[in-house]
2 protein chains.
Amino acid sequence: MASTGLFDTDTLVTPLGDGRYSATLSDRWNALGGAPNGGYSLAMTVSALAHLMRPLGLPDPLTVSSFFLRRAATGAAELRASIARVGKRTATAEAQLWQGGDEIVRTTATFADLAQARGRTLALTAPPVLPPPEDCLELTGGRRLPGVTIVDRVEIRCPERPGWTQGKPSGNPSALFWMRFTDGRDADTRALPSLVDACAPVVMELGARTSSTIELTTHVRARPAPGWLACRVVTRHVIAGYHDEDFEIWDSTGQLVAQSRQLALMPPDDA
Amino acid sequence: MASTGLFDTDTLVTPLGDGRYSATLSDRWNALGGAPNGGYSLAMTVSALAHLMRPLGLPDPLTVSSFFLRRAATGAAELRASIARVGKRTATAEAQLWQGGDEIVRTTATFADLAQARGRTLALTAPPVLPPPEDCLELTGGRRLPGVTIVDRVEIRCPERPGWTQGKPSGNPSALFWMRFTDGRDADTRALPSLVDACAPVVMELGARTSSTIELTTHVRARPAPGWLACRVVTRHVIAGYHDEDFEIWDSTGQLVAQSRQLALMPPDDA
């Protein structure tokens, strides 16, 4: 069993029956702008889905697609979840996060039991090459960004500080870094679809001050070993303000454990 | 306005009111195994969504995520579609394809008007380098695969024939090729989320005989210019039978028009 921590406390959902759940969005996972981080909001939908999947014995969110409909706010929320299909090895379901009569996030996900996966494995690519975490630097060098609390929950260590953190965007929208929960909770498959969104977008290196995620899909590829996670992030296409961001997470044994892609929009007046 | 062809005829949906549509899956888009191609099945959901979006003036499926729940069959189908949110520049909706009381495909999509997109464009990558289509070879060299009708609808031309088409998988799960509808219909943004799934999976080069898509997300990045489409496909991670497949489509002017990623499963006894 994975260790527990604030991520578990802050993504608890209380079943109300009939696929409905109550929850409270904490202010401990706020991103730029002071609102709950998108990855944190979607974690609520994954919690509800995980509850639906528990009797089916399918603990791992294999593929998770979330649409971000409105800005989340700290405070009370409701979840509405329902199964689409239960198969032999997987099941698919949908969960919606609602606040004050508005739908905030809609997630569809297929769950599986990755311990039961029996198929070929081929090493076609290699994990990111990074100096050990103890030789790396904290992302912001301890500087506080007003209202951004997620930096106290998720620690990021990089070989060198990104240009944007020093007011000098490098023009290269990619990054390699280590990541972990600051409270020592190890990442599990339930946390990975949130962790792929836990860092500032790499378009900050293009001078963007912010970016709004429209859709984010994560494929969870394996159960992570305990310890630091090595991350590789890149934006490859910026077209008319829309940009992709691909995020890979590799565990401490050098195994790919999650890969995500998001489509996001930079405000037209940005950068 | 884009040209029309069999793709339009075969993805027609008839509104029944209240977000319901009737449709018929043709046998003209069958993939390996003789069932309707996944990209074709999802085109039905995109048709229903496009109908919902018409009064909103949002013609372009910006981001489309489909979960493949059951195998589709030729014949009658019903669609159920509903709006999740209408915003200023985008709207998000969901559509389900049902056959005989079973849900087959569930698609969530955000639509936009790409002609109105006003933001930065940065050229960070380059289109695939391919000899002109007239110097390339038809994928199967005119050989017929039993029951596979989609090869008569979508033409694929490659610099050299993939090893798997000659019984000699190369071991390299990637490909570059040209693609177009055989009947001369030009691709538009509505066709792109289907075209990213119109070719045999590149894991055929690993000896796989088949692969089942679990989830497929397409981001449509621009309206394609008329003419041939240049495609770049790669599978990067094969883990316990699950594999990704990234598919890019570039238009005849060298513009990226769509990028997709799917998670799929090779049968355990395969390859």
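Scroll up for the structure.
Residues numbered from 1 in each chain as written. Chains lettered and ligands numbered in written order. Predicted model: local features only at pLDDT ≥ 70, side-chain atom pairs only at ≥ 80, totals over all residues. Heavy atoms only, no water.

Digging into the relation of the copies chain A and chain B
Now for step 1: Note on the identical chains: chain A maps onto chain B by a rotation of 180° and an axial translation of 0.0 Å, with an RMSD of 0.0 Å. The relationship between the two copies is best expressed as a two-fold rotation axis.
Now for step 2: A symmetric contact is evident, with 100% of the interface residues of chain A recurring at the interface of chain B. (Least-squares fit on C-alpha atoms with pLDDT ≥ 70 in both. Contact = heavy atoms within 4.5 Å.)

Structural notes on the side chain of Thr90(A)
Now for step 1: Mapped onto the elements of the fold, Thr90(A) is located in strand β5 (residues 90-99).
Now for step 2: Taking relative accessible area as the criterion, Thr90(A) reaches 16% and is therefore assigned buried.
Now for step 3: Sequence-distant contacts of Thr90(A), defined by excluding residues within four places in its chain, comprise Leu58(A), Leu62(A), Arg85(A), Thr110(A), Phe111(A), Ala112(A) and Tyr242(B). (Helix = DSSP H or I, 4+ residues; strand = E, 2+ residues; numbered from the N terminus. Buried < 20%, exposed > 50% of the residue type's maximum accessible area, 1.4 Å probe, protein only.)

Quick look at the state of the cysteines
Now for step 1: For the structure shown, the criterion picks out zero disulfides over all chains.
Now for step 2: Free of any disulfide, Cys136(A) has its nearest cysteine sulfur in Cys158(A), 7.1 Å distant.
Now for step 3: Overall, Cys136(A) belongs to the buried group, its relative accessible area being 10%.
Now for step 4: Between Cys231(B), a free cysteine, and Cys199(B), which holds the nearest cysteine sulfur, the sulfur-to-sulfur gap is 7.9 Å.
Now for step 5: On the basis of relative accessible area, Cys231(B) is assigned to the buried category, the value being 0%. (Disulfide = S-S within 2.5 Å.)

Considerations on the side chain of Arg261(B)
Now for step 1: By the element assignment, Arg261(B) lies in strand β14 (residues 256-265).
Now for step 2: Taking the relative accessible area as the measure of exposure, Arg261(B) reaches 8% and is therefore buried.
Now for step 3: Among the polar contacts listed, one links the side chain of Arg261(B) to the side chain of Asp246(B), at a separation of 2.7 Å.
Now for step 4: Discounting residues that sit within four places of it in the chain, Arg261(B) has contacts with His219(A), Asp246(A), Gln259(A), Ser260(A), Arg261(A), Glu215(B), Leu216(B), Thr217(B), Glu245(B) and Asp246(B). (Polar contact = N/O pair within 3.5 Å; in protein donor to acceptor, adjacent residues only side chain to side chain.)

Things to note about unusual backbone geometry
All names here are of chain A.
Now for step 1: Positive phi is not limited to glycine here, since Asp 18 has a value of about 65°.
Now for step 2: In this structure, Asp 18 sits in the loop between β1 (14-17) and β2 (20-25).
Now for step 3: The class of Asp 18 is exposed, set by a relative accessible area of 81%.

By themselves, these figures tell us nothing about what the structure is for.
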